[in-house]
Amino acid sequence: MSVATRPDEHGRFGAYGGRYAPEVLIPALDELTDAWLELRDDPGFRGELTDLLRDFVGRPTPITHATRLSGELGYDLWLKREDLAHTGAHKINNALGQVLLAKRLGKRRIIAETGAGQHGVATATACALLGLPCVVYMGEEDTHRQAPNVVRMELLGAEVVPVTAGMKTLKEAVNEALRDWAASVGTTHYVIGSVVGPHPFPTLVRDLQRVIGDEARTQYRDRVGTDPEYVVACVGGGSNAIGMFTAFVGVPQVRLFGVEAGGVGSELGRHCSSLTLGQPGILHGALSYLLQDADGQVVETHSISAGLDYPGVGPEHAYLKDESLATYVSATDGDALDGFQLLARTEGIIPALEPAHVIGWLRHRPLPDGARVLVNLSGRGDKDLDTVRAALAGDRP
Amino acid sequence: MSALEATLRSVRDRGAKSFVPYVTGGYPGVDGELLRSLAASGADAIEVGIPHSDPIMDGGVIQEASRVALQRGTRLGGVLAAIADAAIEIPVAVMTYANIVHHRGYEAFCDDLARSGIDGAIIPDLPVDEAERFVALGAARGIDVVLLAAPGTTAQRYRAIASASHGFVYCVATYGVTGARDQLSVTARDVVTAVRPYTDLPLLVGVGIATPEQARAASAFADGVIVGSALMAPLVAGDPKAAMQLAEAFRSQIV
Ligand SMILES: Cc1ncc(COP(=O)(O)O)c(C=O)c1O
């Protein structure tokens, strides 16, 4: 199955994906599937999106040679700078594309879920730009962990609804957004924030995020003259990783690594490593790897980074894992804190805690000496300053 | 024909309407005695929820009931055993989410139900497109996999759902999730009318039926009514007596 033919017509990536959604949502999912098949190659739509990505988001984002960090780690390291995209993370690529699509579909209201708040901010931003009302569901715990992003969303005119169910984090926010959508599906579009959810969302979000890897591969070849040997990204739901990987999947000399959040231990409940420690299961409309107990109840998760704190993962990653087209590893909260500080001190870049997991993983020198490595730096770290300050003061989250 | 379908058909054949109460398995007070009382109050079948951590088709009341049930250690096996032990005469269908079935294994899950004397399964996040194998495995064991039809879809889909469903067709009354509504939604009748030409199965309306009056109105065009959150609300408020009184009031209006 090549990227062009993945998924099949039922939204399957091998055994994974599909559409385990309430019947009431199926007509909207069908409408979205048809619209996307038609618009993704439509010159008018593509042109409008490309213009916005250039003029508003600031694409292409550069790649930066991490010279001092390379010296420290013994690699030749380049960073794809999604932290420099408007709103500070890759999430805007998807949000803008989906809000534009929703307008084409005649939808009058936008809803979204958010964990770290980056997707919520990106969606609120796209709605402000394109003139649609926006409601963002956010776990109450995350509204505290990522308080500055709540302020941003509200300034951008969005309504932020705290979700108090369960662990009060990303999973519950998605549940609540799905419930809203079941009631409002005729007039509302649900801008899902990662490559998760029922078909066509994993495909739609991948197609909107693949600009990361398409740009980066060209830029890397321009600068280095060849492809990287290793491409590494952090994996929460998996959108920045899929966005980066898609340009490289199946390229013989390139190996892909996804870094999951290892939290504070490998026991169930202490991490969010769905691919490395989970089993296949169904959550939020798709079959993929999932952290669950012996009865198939989805378990609580832990990560220092709200954006990775999710028990599931996009179905295409499950496929890439089973087919050995990508390798998945995990990095702990401590690794992330180390990576966060190391990148700040050696490169003058304060990363988000999510991609800081990648830097933390690289600190253990898992790759051969001198390896040519391209890292997706998915976002910047302003939102995490309180969390990091508290953690460094010994007051671990 | 399974016991569930046979029962609902015989109710229709005698010109009556079916009353199917829903209760969340494992919630305090949802025990054999409660199931027997519901049967004694005139319910034609009972739907028992197997609680799930992520009940995306459920509103606040059933979410809370599920949370409490799981917190006190409710397991799949325990709910099934409680149903078997209750030994009630009327058919029972379980309602749960796809991952509970998937994790157990579709075949093993059907075997479990058959062994527990359970007659049907309702999985709201398993639409017809994903349900083929489960429907067949259930049918081979006398388990009716009941599919849901919802507002706003195409005639072609209503036909596919009607042809694949077993036991009855669950006609979702309204856009949205379970939980009380002020009024019976006009879409309830639309769904029943749209499905009717494609099947002779009984058509039951559920989701959002809050009062005996709404249930009565739905009975005018459907073959029966499923009542969930409205009955769970007094249970969650700690008043099982009120829940039973309400069940009797529903029963008397579903005619
Ligand atoms: C900067 C950043 N990176 C990564 C993620 C994780 O999401 P995904 O795995 O979909 O890229 C988030 C999520 O909020 C994020 O904000």
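Here, every reference points to the structure presented above.
Structural notes, computed from the coordinates. All figures in this text were calculated on a predicted structure; none of them were measured in a lab. (Residues numbered from 1 in each chain as written. Chains lettered and ligands numbered in written order. Predicted model: local features only at pLDDT ≥ 70, side-chain atom pairs only at ≥ 80, totals over all residues. Heavy atoms only, no water.)

Overview of the overall build of chain A
Here's step 1: A tally of regular secondary structure across chain A gives 16 helices and 14 strands.
Here's step 2: Against the globule reference of 21 Å for 397 residues, chain A gives a C-alpha radius of gyration of 19 Å, in line with a compact fold.
Here's step 3: Taking the principal axes of its C-alpha atoms as reference, chain A extends roughly 55 × 45 × 40 Å.
Here's step 4: The long-range share in chain A, meaning contacts at least 24 apart out of those at least 6 apart in sequence, stands at 73%.
Here's step 5: Surface summary for chain A: the accessible area is close to 13,100 Å², and the carbon and sulfur share equals 49%.
Here's step 6: Taking the average location of the 37 positive side-chain charges in chain A and that of its 50 negative ones, the two points are 4 Å from each other. (Helix = DSSP H or I, 4+ residues; strand = E, 2+ residues; numbered from the N terminus. Rg over C-alpha atoms; globule rule 2.2 N^0.38 Å. Contact = heavy atoms within 4.5 Å. Areas by Shrake-Rupley, 256 points an atom, 1.4 Å probe, with all protein chains shown as cover. Lys, Arg positive; Asp, Glu negative; His and termini not counted. Charge placed at Lys NZ, Arg CZ, Asp CG, Glu CD.)

Quick word on the overall build of chain B
Here's step 1: Each helix and strand counted, chain B has 12 helices and 9 strands in total.
Here's step 2: Over its C-alpha trace chain B gives a radius of gyration of 16 Å, about what one expects of a compact globule, namely 18 Å for 255 residues.
Here's step 3: Counting only C-alpha atoms, chain B reaches 45 × 40 × 30 Å along its principal axes.
Here's step 4: Classification of the 255 residues of chain B by burial places 60% in the buried group.
Here's step 5: When contacts within chain B are restricted to residue pairs at least 6 apart in sequence, those whose partners lie at least 24 apart make up 71%.
Here's step 6: For chain B, the accessible surface area stands at approximately 9,300 Å², while carbon and sulfur atoms represent 50% of it.
Here's step 7: Counting 20 positive and 27 negative side-chain charges, chain B places the averaged centre of each group 2 Å from the other. (Buried < 20%, exposed > 50% of the residue type's maximum accessible area, 1.4 Å probe, protein only.)

Things to note about unusual backbone geometry
Here's step 1: Backbone torsion omega between A:Arg6 and A:Pro7 reads -5 degrees, so that peptide bond is classified as cis.
Here's step 2: Turning to its location among the elements, A:Pro7 is positioned in the segment before strand E1 (12-13).
Here's step 3: The linkage connecting A:His199 with the following residue, A:Pro200, adopts the cis geometry, with an omega of 15 degrees.
Here's step 4: Mapped onto the elements, A:Pro200 comes out in the loop between strand E8 (188-191) and helix H9 (201-209).
Here's step 5: Within the chain, A:Lys168 stands out as a residue other than glycine whose phi angle is a positive 60 degrees.
Here's step 6: Backbone geometry places B:Val207, a non-glycine residue, at a positive phi of 85 degrees.
Here's step 7: Looking at where B:Val207 falls in the secondary structure, it is placed in the loop between strand E8 (203-206) and helix H10 (212-219).

Comments concerning the site of the ligand
All names here are of chain A.
Here's step 1: In the vicinity of the ligand lie 19 residues, with Ser194, Gly236, Gly238, Ser239 and Ser378 positioned nearest.
Here's step 2: At a separation of 3.1 Å, an oxygen atom of the ligand approaches a polar side-chain atom of lysine 91.
Here's step 3: Glycine 238 is positioned with one of its backbone polar atoms (N or O) 2.7 Å from an oxygen atom of the ligand.
Here's step 4: Here the ligand has 390 Å² of accessible area as a free molecule, and 97% of this is covered by the chains.
Here's step 5: Tallied by class, residues from the shell around the ligand come to 6 nonpolar, 11 polar and 2 charged.
Here's step 6: When residues of the shell around the ligand are assigned to domains, at least three map to each of domain 1 (13-53 + 91-206) and domain 2 (58-88 + 210-392). (Near = heavy atom within 4 Å. Polar contact = N/O pair within 3.5 Å; in protein donor to acceptor, adjacent residues only side chain to side chain. Nonpolar A, V, L, I, M, F, W, Y, C, P; charged D, E, K, R; others polar. Domains from an automatic or database assignment.)

As for helix H16 (residues 385-392) of chain A
Because each turn of an α-helix spans 3.6 residues, side chains separated by three or four positions in sequence point in the same direction.
Residues and elements named next belong to chain A.
Here's step 1: Looking at H16, one finds that the buried residues are Thr387, Val388 and Ala391. Projected down its long axis, H16 carries its buried residues within an arc of 95 degrees, all on one side.
Here's step 2: The inward-facing, buried residues of H16 abut helix H6 (140-145), helix H14 (333-347) and helix H15 (353-362).
Here's step 3: Looking one or two residues beyond H16, the residue adopting positive phi is glycine 394, at roughly 95 degrees. (Arc of directions from axis to C-beta.)

As for the packing of aromatic side chains
Here's step 1: Inspection of every chain in the model, using the stated rule, returns 12 aromatic pairs over all chains.
Here's step 2: Geometry around A:Tyr289 places A:Lys321 over its ring, the cationic atom sitting 5.4 Å from the centre. (Phe/Tyr/Trp six-rings, centres within 6.5 Å; stacked < 30°, edge-to-face > 60°. Lys NZ or Arg CZ within 6 Å of the ring centre and 35° of its normal.)

Here we look at the nonpolar core
Here's step 1: Within the largest apolar cluster, 189 residues are counted, with the highest numbers of intra-cluster contacts made by A:Phe245, B:Val23, B:Phe134 and B:Val205.
Here's step 2: Looking at this core, you find at least three residues from each of domain 1 (13-53 + 91-206) and domain 2 (58-88 + 210-392) of chain A.
Here's step 3: Apart from the residues within four sequence positions on either side, B:Phe134 is in contact with B:Val101, B:Tyr106, B:Phe109, B:Cys110, B:Ala121, B:Ile123, B:Leu126 and B:Val145.
Here's step 4: Judged by nonpolar contacts, the second largest core, of 28 residues, contains A:Ala66, A:Leu77, A:Tyr230 and A:Val232. (Core = buried A, V, L, I, M, F, W, Y, C linked by side-chain atoms within 4.5 Å.)

Describing the interface of chain A and chain B
Here's step 1: Each partner contributes to the interface: chain A provides 34 residues, whereas chain B provides 35 residues.
Here's step 2: Between chain A and chain B, a total of about 2,700 Å² is buried, with carbon and sulfur atoms accounting for 53% of that surface.
Here's step 3: Three residues, A:Glu23, A:Arg179 and A:Asp295, lead the burial of chain A against chain B; their summed loss comes to 27% of the area buried on that side.
Here's step 4: Seen at the junction of chain A and chain B, the total is 21 residue pairs in polar contact (both at pLDDT 80 or more).
Here's step 5: No other element matches the 7 residues that helix H8 (residues 170-184) of chain A contributes to the side of chain A that touches chain B.
Here's step 6: Taken together, the residues of the side of chain A that touches chain B break down into 18 nonpolar, 8 polar and 8 charged. (Buried area = accessible area lost by both parts, 1.4 Å probe.)

Some words on the sheet that holds strand E3 (residues 63-65) of chain A
Residue and element names in this part refer to chain A.
Here's step 1: Taking strand neighbours across the sheet as the criterion, the 6 strands line up as E3-E4-E14-E9-E10-E13 in an open arrangement whose pairing is mixed. Pairing within the sheet leaves two strands with one partner each, and these edge strands are E3 and strand E13 (327-332). Mean inter-strand twist for the sheet, computed between neighbouring axes without regard to direction, equals 25 degrees.
Here's step 2: Across 3 bridges, the pairing between strand E9 (residues 230-234) and strand E14 (residues 372-377) is parallel. In the sheet register, tyrosine 230 faces E14, and the bridge partner there is valine 373.
Here's step 3: Packed on one face of the sheet, H14 meets E3, strand E4 (76-81), strand E10 (255-263), E13 and E14 and runs near 85 degrees to E13. (Pairing = 2+ DSSP bridges. Axes fitted to C-alpha atoms, helices over the stretch in contact; angles between N-to-C directions.)

Here we look at the packing of helix H11 (residues 229-236) of chain B against helix H12 (residues 240-253) of chain B
Residue and element names in this part refer to chain B.
Here's step 1: One can describe the packing of H11 onto H12 by two numbers: an axis separation of 7 Å at closest approach and a directional angle of 160 degrees. Classified by the angle between their axes, H11 and H12 sit roughly antiparallel to one another. As H11 packs across H12, the resulting crossing turns out to be right-handed. Side by side, H11 and H12 meet where Ala230, Leu231, Pro234 and Leu235 of the first sit next to Pro240, Ala242, Ala243, Leu246, Ala247 and Phe250 of the second. (Parallel < 35°, antiparallel > 145°, perpendicular 65-115°, else oblique. Left-handed = near helix turned anticlockwise from the far one by under 90°.)

Remarks on the sheet that holds strand E7 (residues 169-172) of chain B
Residues and elements named next belong to chain B.
Here's step 1: Overall, parallel pairing links the 9 strands, which are arranged E5-E4-E3-E2-E1-E9-E8-E7-E6 in an open sheet. Two strands in the sheet have a free side with no partner beyond their single neighbour: strand E5 (144-146) and strand E6 (148-149).
Here's step 2: Sheet topology note: the strand E1 (residues 18-24)/strand E2 (residues 46-49) ladder contains 3 bridges and is parallel. Residue pairing across strands places valine 23 opposite valine 48, the latter belonging to E2.
Here's step 3: Those strands touched by helix H1 (residues 3-13) are E1, strand E3 (92-95), strand E4 (120-122), E5 and E8, and its axis lies near 65 degrees from that of E5.
Here's step 4: This element, H11, spans E1 and strand E9 (224-227) of the sheet and lies at about 40 degrees to E1.

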